[in-house]
Amino acid sequence: SQQGEEDPQALSIQEGENATMNCSYKTSINNLQWYRQNSGRGLVHLILIRSNEREKHSGRLRVTLDTSKKSSSLLITASRAADTASYFCATDAGGTSYGKLTFGQGTILTVHP
Amino acid sequence: NAGVTQTPKFRVLKTGQSMTLLCAQDMNHEYMYWYRQDPGMGLRLIHYSVGEGTTAKGEVPDGYNVSRLKKQNFLLGLESAAPSQTSVYFCASNSRTYEQYFGPGTRLTVT
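Residues numbered from 1 in each chain as written. Chains lettered and ligands numbered in written order. Predicted model: local features only at pLDDT ≥ 70, side-chain atom pairs only at ≥ 80, totals over all residues. Heavy atoms only, no water.

1. Remarks on the pattern of salt bridges
Two side chains carrying opposite charge are able to pair once their charged atoms lie near each other.
Then, in step 1: Scanning the entire structure with this criterion turns up six salt bridges over all chains.
Then, in step 2: Put simply, R36(A) and D83(A) hold a salt bridge, and the shortest N to O gap is 3.9 Å. Here the residue R36(A) occupies a position in strand β4 (residues 31-37), and D83(A) occupies one in the loop between β8 (71-76) and β9 (85-92), the gap between them amounting to 47 residues.
Then, in step 3: Judged by its relative accessible area of 17%, R36(A) falls in the buried class.
Then, in step 4: Among the ionic pairs, R44(B) bridges to D38(B), the shortest N-O distance being 2.7 Å. Accessibility assignment for this pair places R44(B) and D38(B) in one class, buried.
Then, in step 5: Shared partners join several salt bridges into a network, and the residues in it are R36(A), R60(A) and D83(A). (Salt bridge = Lys/Arg side-chain N within 4 Å of Asp/Glu carboxyl O. Helix = DSSP H or I, 4+ residues; strand = E, 2+ residues; numbered from the N terminus. Buried < 20%, exposed > 50% of the residue type's maximum accessible area, 1.4 Å probe, protein only.)

Written out as structure tokens, the structure reads:
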């Protein structure tokens, strides 16, 4: 079963605008990760946030985590056409999970030049 | 440093045929994973391995077998392919630092 539910399923914006994607999950986690997938390619890791962290930044990316609501958001600021891709959240339960990830269904982001 | 590679990139099988997908990583990672991705869905874990000679079932293991005879290789086998196994298959690896590194995928069609 899918751990994460992502919202929206698709997002279309203009270059320069900000894009926000949300992820909700069901069970306790050790960390939550965001991945990007360009069409027809493998996934690429973007950012990881641990369960004891509330916010993390990496370049134009900002991730927040609210463990009480079991939700996370990914903000991409000043988007570019090259940001067009699918974005997935993935949760790691930690412990003896051996790094196994449970993925959400993804948000398709289209950035128009 | 090639990272994670997968062969083949594309394959078409007839129902009942068998095949093996090969995943190789050159990062000396302990953990390796096989996922499948279906249209409009995220990735679902088929099988995984936490070290050479070990394998374990993931979320959707039925119809697949795996082997990890060498640390750098993780093989996924389909003994008798079914149309429901039409999908894109991704291999990934990590070194206990949480981030997974993915291969480029194998697009499999079963007719």
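2. Topic: the state of the cysteines
Residues and elements named next belong to chain A.
Then, in step 1: Inspection of every chain in the model, using the stated rule, returns two disulfides over all chains.
Then, in step 2: A sulfur-sulfur separation of 2.0 Å characterises the disulfide bridge that pairs C23 with C89. Negative torsions about the S-S bond denote left-handed disulfides, and the value of about 70° found for C23 with C89 makes this one right-handed. Of the two residues, C23 sits in strand β3 (residues 19-24) while C89 sits in strand β9, which places them 66 residues apart along the sequence.
Then, in step 3: On the basis of relative accessible area, C23 is assigned to the buried category, the value being 3%.
Then, in step 4: Judged by relative accessible area, which is 1%, C89 ranks as buried. (Disulfide = S-S within 2.5 Å.)

3. Things to note about the nonpolar core
Then, in step 1: Counting 21 residues, the largest nonpolar core has M21(A), L32(A), W34(A), L74(A), I76(A), Y87(A) and L109(A) as its most contacted members.
Then, in step 2: If you list the elements that add at least two residues to this core, you get β2 (10-14), β3, β4, β5 (43-50), β7 (61-66), β8, β9 and β11 (107-112) of chain A.
Then, in step 3: Apart from the residues lying within four places of it in its own chain, the contact partners of L109(A) are L11(A), I13(A), A19(A), M21(A), I76(A), D83(A), T84(A), A85(A) and Y87(A).
Then, in step 4: Core analysis: the next-biggest nonpolar cluster, separate from the first, contains 18 residues, L21(B), M32(B), F74(B) and L76(B) among them. (Core = buried A, V, L, I, M, F, W, Y, C linked by side-chain atoms within 4.5 Å. Contact = heavy atoms within 4.5 Å.)

4. Here's the deal with the interface of chain A and chain B
Then, in step 1: The interface is formed by 23 residues belonging to chain A together with 21 residues belonging to chain B.
Then, in step 2: Approximately 1,800 Å² of surface area, both sides summed, lies buried where chain A meets chain B, with 55% of it carried by carbon and sulfur atoms.
Then, in step 3: At the boundary of chain A and chain B, one finds zero salt bridges.
Then, in step 4: Scanning the region where chain A abuts chain B turns up five residue pairs in polar contact (both at pLDDT 80 or more).
Then, in step 5: Elements supplying a minimum of two residues to the side of chain A that touches chain B: β4, β5, β9 and β10 (101-103) of chain A. (Buried area = accessible area lost by both parts, 1.4 Å probe. Polar contact = N/O pair within 3.5 Å; in protein donor to acceptor, adjacent residues only side chain to side chain.)

5. Re the sheet that holds strand β1 (residues 4-7) of chain B
Residue and element names in this part refer to chain B.
Then, in step 1: Pairing within the open sheet is antiparallel, and its four strands lie in the order β1-β3-β8-β7. Both outer strands of the open sheet, β1 and β7 (65-67), are each paired with one neighbouring strand and no more. Neighbour-to-neighbour, the strand axes of the sheet open up by a mean angle of 20°, direction not taken into account.
Then, in step 2: Sheet topology note: the β7/strand β8 (residues 73-78) ladder contains three bridges and is antiparallel. In the strand pairing of β8, V66 is matched with L76. (Pairing = 2+ DSSP bridges. Axes fitted to C-alpha atoms, helices over the stretch in contact; angles between N-to-C directions.)

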